[in-house]
Structures are given as C-alpha cells and as structure tokens.
Amino acid sequence: GAGVSQTPSNKVTEKGKYVELRCDPISGHTALYWYRQSLGQGPEFLIYFQGTGAADDSGLPNDRFFAVRPEGSVSTLKIQRTERGDSAVYLCASSLTYNYGYTFGSGTRLTVV
Amino acid sequence: TQLLEQSPQFLSIQEGENLTVYCNSSSVFSSLQWYRQEPGEGPVLLVTVVTGGEVKKLKRLTFQFGDARKDSSLHITAAQTGDTGLYLCAGLGTYKYIFGTGTRLKVLA
C-alpha cells in the first residue's frame, strides 16, 4: 500500500481482556517495528521484525505482549490480560531496512478500562 | 542504555520568532533522525544526519549533528503556526532507532 495502515484506530477494552492490533506495512519494506507512546512522550521501542522473524523483542514489557509477522508483511501485536497501564498509542513503522527512515502508521489508541 | 534527552520539553512562541531545540545523549550514534508528529498521527521523518558536524537545511529548518555524534540541534527560523507539533529526535541503536523525550512546540498567531 501507499502508507502504513493500522487497525483499529481506537480500541477500548475491559481490564483482563485480550486484544490484537494489526499493522499493514508498505509493500516491500522488510523491517517492521512496534512502538508504544504515552501522551506527550517519545515512542518507546517494543519489537523489531526483519522479514518474518523477530530480530529484537527486548522492548516487550512482559510475557503478556507478543507479536507475529508470519508472512513477512502484516504484523499483529497481541496483548493478553490487559491492564490499565497498557493504555497508550501503539505505533507501527516500516522501513526498507533497519537504518533507513521509518514510515509510521497513525497508530492504535488503546484504552483499558 | 541509550537515552536521548530533549530540551526544552515545551515551547510556546509567537509567529515569526526563531527557536532551537536540543537533543543530547551520552552515547554515540551512527545516525540521528528528526521527526515531527501532529496529534492523532504518527511521526513524520524530517531529516537524517550521519556525519559528525553535518548541517542540513530543510526550508526554514536547520539541523546539526554534533561533532562527537552525541547530540543534535534543530533550529527554526521565523516560525509559522504550521510548525506546531511534537518534535522528536531518534538515534540509531542496535538495529532500531531510540526516540528522545520530545519537544512540544506551539506557535501562536
């Protein structure tokens, strides 16, 4: 596609529920990143995919967070047993490779109530 | 841990004024980028600098990478209301960019 697409744009869920956030990167971009951003702060790194594999998942806060990219294109970030502290904007970015500029999606605003 | 501190955190100025935003770290980065983010949108890449001492200009915006590649600055000349937004620097760590704390700029008409 022309840009990075993230769905849904907004998600409200109850504490303890499971959520999935989807990212559709720019076609041909092998590198894909997930970041989390709290209000007024810089994006915080979560995970980096190169192709289908997670090359760096050091930013995932705990084992409730998991992400996949099975065919090297679309990626899904999965959060189990959501907590109120998980509320944030989850940003996805893609790039040709790791040291190129990122193209970000508009993000998914997750609110856990 | 590589950290990027930006200053000031907030800046409110009148249209036509000049301003400088700083991005500082104790770590050396092989490249550094600047992004601008507007509410409800993802950050948009403005520039990438890779050489110590490098200066790049983008219309009224001037970006400089420190000689030691640990810091950077963004200077805006004659600010316009359209410059309002969150400015983010990002340094290349191990296979990913680490983002700074952000500077929220508001330009008043």
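Everything that follows concerns the structure shown earlier in this document.
Now for a description of the structure that goes with this document. On a predicted model such as this, the values are computed, not experimentally measured, just so you know.

**Brief notes about the state of the cysteines**
Per the stated rule, a full pass over the model turns up two disulfides over all chains. At a sulfur-sulfur separation of 1.9 Å, the disulfide partner of A:Cys23 is A:Cys92. Torsion about the S-S bond of the A:Cys23 and A:Cys92 cystine: about -65°, corresponding to left-handed handedness. On the criterion of sequence distance, the pair formed by A:Cys23 in strand 3 (residues 19-24) and A:Cys92 in strand 9 (residues 88-95) is long-range, its members being 69 residues apart. In terms of burial, A:Cys23 and A:Cys92 fall into one category: buried. Between the sulfur atoms of B:Cys23 and its disulfide partner B:Cys89 the distance amounts to 2.1 Å.

**Let's talk about the environment of A:Leu60**
In this fold, A:Leu60 is placed in the loop between strand 6 (53-56) and strand 7 (65-68). Each C-alpha atom of the pair A:Leu60 and A:Gln80 lies 13 Å from the other, and the pair is 20 residues apart in sequence.

**A look at the nonpolar core**
Core analysis: the largest hydrophobic core is formed by 21 residues, its most contacted members being B:Leu19, B:Leu32, B:Trp34, B:Phe63, B:Leu74, B:Ile76 and B:Leu105. Of all elements in the fold, only strand 3 (19-24), strand 4 (32-37), strand 5 (44-49), strand 7 (61-65), strand 8 (71-76), strand 9 (85-92) and strand 11 (103-108) of chain B reach the threshold of two or more residues within this core. In this structure, A:Cys23, A:Leu60, A:Phe65 and A:Ala88 belong to the second largest nonpolar core, which totals 20 residues.

**Looking at the pairing of strand 5 (residues 44-50) of chain A**
Residues and elements named next belong to chain A. Buried residues dominate strand 5, accounting for five of its seven residues. Note that strand 4 (residues 31-37) and strand 5 share six bridges and pair antiparallel. From the neighbouring strand, Arg 36 faces strand 5, where its bridge partner is Glu 44. Counted along the chain from strand 4 to the antiparallel partner strand 5, the turn is six residues long, and its residue Gly 40 has a positive phi close to 75°.

**Section: the sheet that holds strand 6 (residues 55-58) of chain B**
Residue and element names in this part refer to chain B. Spatial ordering of the open sheet is given by 1-3-8-7-6, a layout of five strands whose pairing is antiparallel. Two strands bound the open sheet, and with one partner strand each, they are strand 1 (5-7) and strand 6. This sheet shows a mean twist of 15° between the axes of neighbouring strands, independent of strand direction.

**What to know about the sheet that holds strand 1 (residues 5-7) of chain A**
Residue and element names in this part refer to chain A. Strands sit in the order 1-3-8-7 across an open sheet of four strands; the sheet is antiparallel. Each having just a single partner strand, strand 1 and strand 7 make up the two edges of the open sheet. The mean angle between the axes of side-by-side strands here comes to 15°, regardless of whether they run parallel or antiparallel. Note that strand 1 and strand 3 share three bridges and pair antiparallel. Paired with Ser 5 across the strands is Asp 24, a residue of strand 3.

**Looking at the interface of chain A and chain B**
Across the boundary between the two partners, chain A contributes 20 residues, which contact 19 residues of chain B. Together chain A and chain B conceal approximately 1500 Å² of surface at their shared face, both sides included; 56% is due to carbon and sulfur atoms. Counting the contacts that link chain A with chain B gives one salt bridge. Between A:Asp56 and B:Lys96 there is a salt bridge; the shortest N-O distance is 2.6 Å. Viewed at the interface, chain B and chain A are joined by eight residue pairs in polar contact (both at pLDDT 80 or more). For the side of chain A that touches chain B, the element with the highest residue contribution is strand 4 of chain A, accounting for three residues. Here the side of chain A that touches chain B is composed, by residue class, of ten nonpolar, nine polar and one charged.

What counts and what doesn't
- Residues numbered from 1 in each chain as written.
- Chains lettered and ligands numbered in written order.
- Predicted model: local features only at pLDDT ≥ 70, side-chain atom pairs only at ≥ 80, totals over all residues.
- Heavy atoms only, no water.
- Disulfide = S-S within 2.5 Å.
- Helix = DSSP H or I, 4+ residues; strand = E, 2+ residues; numbered from the N terminus.
- Buried < 20%, exposed > 50% of the residue type's maximum accessible area, 1.4 Å probe, protein only.
- Core = buried A, V, L, I, M, F, W, Y, C linked by side-chain atoms within 4.5 Å.
- Pairing = 2+ DSSP bridges.
- Axes fitted to C-alpha atoms, helices over the stretch in contact; angles between N-to-C directions.
- Contact = heavy atoms within 4.5 Å.
- Buried area = accessible area lost by both parts, 1.4 Å probe.
- Salt bridge = Lys/Arg side-chain N within 4 Å of Asp/Glu carboxyl O.
- Polar contact = N/O pair within 3.5 Å; in protein donor to acceptor, adjacent residues only side chain to side chain.
- Nonpolar A, V, L, I, M, F, W, Y, C, P; charged D, E, K, R; others polar.

Shape is all these values report; function is a separate question.
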